[in-house]
Amino acid sequence: TTDQVIYQHGDPNLIYKSDVTESWDNPDHSSVELNPGDNTIPWQIAVNRTQTLTGDLTITDIIADGMTFLPETLTIQIGYPTVAMPETYYTYDSASKTLTIKIPKADYVSASGKSEKIYIRYRTKLPDDFFEKTDLSRVFQNTATLEVDGTKTDSSFSQTVTRKVVGKQGHFDDTNGIL
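Residues numbered from 1 in each chain as written. Predicted model: local features only at pLDDT ≥ 70, side-chain atom pairs only at ≥ 80, totals over all residues. Heavy atoms only, no water.

Right, let's talk about the overall build of the protein chain for a bit. Per the secondary structure count, the protein chain includes 0 helices and 11 strands. Along the protein chain, helices (α) and strands (β) appear in the sequence β-β-β-β-β-β-β-β-β-β-β when read from the amino end. Buried positions account for 41% of the 179 residues belonging to the protein chain. Within the protein chain, counting contacts between residues at least 6 apart in sequence, those at least 24 apart form 73% of the total. Only carbon and sulfur atoms are counted for the fraction: they give 48% of the accessible area of the protein chain, which is about 9,900 Å². (Helix = DSSP H or I, 4+ residues; strand = E, 2+ residues; numbered from the N terminus. Buried < 20%, exposed > 50% of the residue type's maximum accessible area, 1.4 Å probe, protein only. Contact = heavy atoms within 4.5 Å. Areas by Shrake-Rupley, 256 points an atom, 1.4 Å probe, with all protein chains shown as cover.)

Among the nonpolar cores identified, the biggest contains 29 residues, and Val47, Leu57, Ile59, Ile76, Ile103, Ile118 and Ile120 are the most heavily contacted of them. Listed by contribution, the elements that provide at least two residues to this core are β3 (40-47), β4 (57-62), β5 (68-78), β8 (98-103), β9 (118-125) and β10 (137-148). (Core = buried A, V, L, I, M, F, W, Y, C linked by side-chain atoms within 4.5 Å.)

Within the element layout of this structure, Thr100 appears in strand β8. The class of Thr100 is buried, set by a relative accessible area of 17%.

Right, let's talk about unusual backbone geometry for a bit. Notably, Gln51 is not glycine yet its phi reads approximately 55°, a positive angle. Its relative accessible area of 32% is what places Gln51 among the partly exposed residues. Not every positive phi belongs to a glycine, and Lys97 is a case in point at roughly 55°. Summarising the element assignment, Lys97 is placed in the loop between β7 (90-93) and β8.

A few words now on the pattern of salt bridges. Evaluation of the coordinates by the stated rule reveals 1 salt bridge. For the salt bridge of Glu116 with Lys114, the shortest nitrogen-to-oxygen distance reads 3.4 Å. (Salt bridge = Lys/Arg side-chain N within 4 Å of Asp/Glu carboxyl O.)

For the rest of this paragraph, the subject is the pairing of β3. For β3, a buried count of 8 out of 8 residues is recorded, marking the element as mostly surrounded by other parts of the structure. Across 8 bridges, the pairing between β3 and β9 is antiparallel. Residue pairing in the sheet places Trp43 in a bridge with Tyr122 of β9. (Pairing = 2+ DSSP bridges.)

As a further point, take the environment of Thr98. With respect to the helices and strands, the residue Thr98 is situated in strand β8. Overall, Thr98 belongs to the buried group, its relative accessible area being 14%. Measuring from C-alpha to C-alpha, the distance between Thr98 and Ile62 comes to 4.7 Å, with 36 residues separating the pair along the chain. Not counting the four nearest positions on each side in its chain, Thr98 is found in contact with Thr60, Asp61, Ile62, Thr91, Tyr92 and Asp93. A distance of 2.9 Å separates a polar atom in the side chain of Thr98 from a polar atom in the side chain of Ser96. (Polar contact = N/O pair within 3.5 Å; in protein donor to acceptor, adjacent residues only side chain to side chain.)

Pasting the structure below:
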């Protein structure tokens, strides 16, 4: 099963929500396959991919229903290879499941006016019942919003999570009790 990335009301060059891939500039996958024992999903928000923003930024991300945000996994990359200390930029409201990241203009725009790309990465924990249900796949919807000096742009992303089922096959030997 493959779901398409869905953009709502916005420009994917300004804000783009996805899972994490190998390439910083190509976050384009809408499914992830979990091996036995895996219970977290990687997410990425790419902001200012065309390096045209120059105002104070507020990124708001509503964590998908059933998921748990893992703050210890949060990284914020401003430019390359700088990784910012996320605790200086973010707050998380567990009641509304809202992650808010505020990045002032001075932290990503140089004195000459050149702005940097920003990548926000984190993981969420799957609901415990995900592994108890018989369905092998489940779709999680996640929406992030970028506000620049009062103007908002949204990016909505659906990700299909599929469990790999471990199977065993062979012949049981009644004589020695070995499979």
